[in-house]
Amino acid sequence: MTPQTPQPVAVGVGGAGGWRALAWAAEMAARTGDRLVLLHVCVPGSPLDRIVSDPAAAEIEVVEPALARAYASVGARLGRSRATLKIRAGAPSDQLVDASAGARLLIIGDGEGGRTMCRVVRQAHCPVVVVRPGDPAAHGPFHGHVVAGVDSSTASRAALEVAYEYAANRRLPLAAIHVTDGPPGDGARLLSDAVTPWRRMFPAVPTRCEVLAGPVGEGLIRTGVGAGLLVVGDKRRGVIGRARTGDVPLTVATEAPCPVAVVPLAQRDAERW
């Protein structure tokens, strides 16, 4: 039986924030051995519109030299077989969501804002990392941690899995955070139950648990100051559910002062972070 080729990591390149997303993705892939698919969605009428395909760097050097240099640089760092450039035309949100169907992870820049980022975060078929600019000088209470938002949902368990995999790969401590308006003792028990199996699986990852009071979105955003990554689960609720309690994953992905990973409910494959 022929072993299956691992799914690649897709990264949206170009546009506001796209270069920062590519740098983050290349650094991660250098550690994990992942293959990267660089996806550039060209605007209508662009010279790239005539070569929509999977081109070599030389083919785009004349019309988009910055993109060609970035592709060549990633290929040199990871190896040519681990970097592929795809040029596509159409709506960026459509192309990014389509790319997520064949990816283990989708990485986009924070500049993919408005409707594009909203649709990608809500509809992607795999975890989405929104690479937001952190402040290296910022020292919040969870500086240098991987922060995971925790509640009693299945989506939260999926987020913890991703968070522990990433923390183990990067040798970072992990902070499991529960934000609540209820009694803190209830939150402490919930956190203890939630992290116990992962602590056993990842004994080398230092773990701290904190219960914070207040609105969930605001509390999680505060934990992102100086954090290496903030991971939240997405229950994929409908319009009515979001209207009642707010869209926490999208709010965090839009406003947190650090990179944010949004893990959809059905996504549990977090290998090789």
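Just above, that's the structure.
Residues numbered from 1 in each chain as written. Predicted model: local features only at pLDDT ≥ 70, side-chain atom pairs only at ≥ 80, totals over all residues. Heavy atoms only, no water.

Draft legend 1. Just the overall build of the protein, in detail. The helix and strand inventory of the protein stands at 10 helices and 10 strands. For a compact globule of 273 residues, the expected C-alpha radius of gyration is about 19 Å, and the protein comes in at 19 Å, within 12% of that figure. If you line up the protein on its principal axes, its C-alpha atoms span 60 × 45 × 40 Å. Across the 273 residues of the protein, 49% fall into the buried class. Side-chain charges in the protein split into 30 positive and 25 negative, and the spacing between the mean points of these groups amounts to 3 Å. (Helix = DSSP H or I, 4+ residues; strand = E, 2+ residues; numbered from the N terminus. Rg over C-alpha atoms; globule rule 2.2 N^0.38 Å. Buried < 20%, exposed > 50% of the residue type's maximum accessible area, 1.4 Å probe, protein only. Lys, Arg positive; Asp, Glu negative; His and termini not counted. Charge placed at Lys NZ, Arg CZ, Asp CG, Glu CD.)

Draft legend 2. Expanded view of the pairing of strand β5 (residues 128–131). In β5, alternate side chains face the same way, and those of Val128 and Val130 on one face and Val129 and Val131 on the other are all buried. The pairing of strand β4 (residues 105–109) with β5 spans 4 bridges and is parallel. Its bridge partner being in β5, Ile108 is matched across the sheet by Val130. Bridging between β5 and strand β10 (residues 260–264) involves 3 bridges; their strand directions are antiparallel. Bridge pairing links Val129 to Ala261 in β10. (Pairing = 2+ DSSP bridges.)

Draft legend 3. Highlighting the packing of aromatic side chains. If you walk through the whole model with that rule in mind, you get 3 aromatic pairs. Between Tyr164 and Trp198, the aromatic rings sit 6.4 Å apart at their centres with planes inclined by 20 degrees, giving stacked as the arrangement. Highlighted residues: Tyr164 in helix α6 (residues 154–170) and Trp198 in helix α7 (residues 184–201), separated in sequence by 34 residues. A residue is classified by how much of its surface remains accessible, and Trp198, at 11% relative accessible area, is buried. (Phe/Tyr/Trp six-rings, centres within 6.5 Å; stacked < 30°, edge-to-face > 60°.)

Draft legend 4. Representation of the sheet that holds strand β8 (residues 207–213) within the structure. One open sheet accounts for 10 strands, arranged β3-β2-β1-β4-β5-β10-β9-β6-β7-β8; its pairing is mixed. Of all the strands in the sheet, the pair left with one neighbour each is β3 (83–89) and β8. Pairwise comparison of adjacent strand axes, ignoring direction, gives a mean angle of 20 degrees for this sheet. Here helix α3 (residues 65–78) sits on the sheet and contacts β2 (36–42) and β3; the angle it forms with β3, its principal contact strand, is near 150 degrees. (Axes fitted to C-alpha atoms, helices over the stretch in contact; angles between N-to-C directions. Contact = heavy atoms within 4.5 Å.)

Draft legend 5. Structural detail: the nonpolar core. In this structure, Leu36, Ile107 and Val231 are the most contacted members of the largest nonpolar core, which totals 51 residues. With 8 residues, α6 is the single largest residue contributor to this core. Residues contacting Ile107, with those up to four places away along its chain left out, are Val9, Ala10, Val11, Gly12, Ala21, Trp24, Ala25, Met28, Val129 and Val131. Among the nonpolar cores identified, the runner-up in size contains 33 residues, and Leu39, Val97, Val130 and Phe142 belong to it. (Core = buried A, V, L, I, M, F, W, Y, C linked by side-chain atoms within 4.5 Å.)

Draft legend 6. Region of the structure containing the layout of surface pockets. Computed from the structure, the second largest pocket encloses a volume of approximately 340 Å³. Counting residues per element, the ones that place at least two in the lining of the second largest pocket are α1 (18–32) and α6. Here the residues of the lining of the second largest pocket sort into 10 nonpolar, 5 polar and 4 charged. (1 Å grid on protein atoms, 1.4 Å probe; cavity = no way out; pocket = protein on both sides within 12 Å on 5 of 7 lines; lining within 4 Å. Points joined across faces, edges and corners; volume = space filled by probe spheres on them. Nonpolar A, V, L, I, M, F, W, Y, C, P; charged D, E, K, R; others polar.)

Draft legend 7. Focus on the environment of Ala124. Looking at where Ala124 falls in the secondary structure, it is placed in the loop between α5 (114–123) and β5. Judged by relative accessible area, Ala124 falls into the buried class, the value being 2%. When the C-alpha positions of Ala124 and Leu106 are compared, they lie 8.1 Å apart, and in sequence the two are 18 residues distant. Among residues more than four places away in sequence, those in contact with Ala124 are Ser100, Arg119, Arg236 and Pro264.

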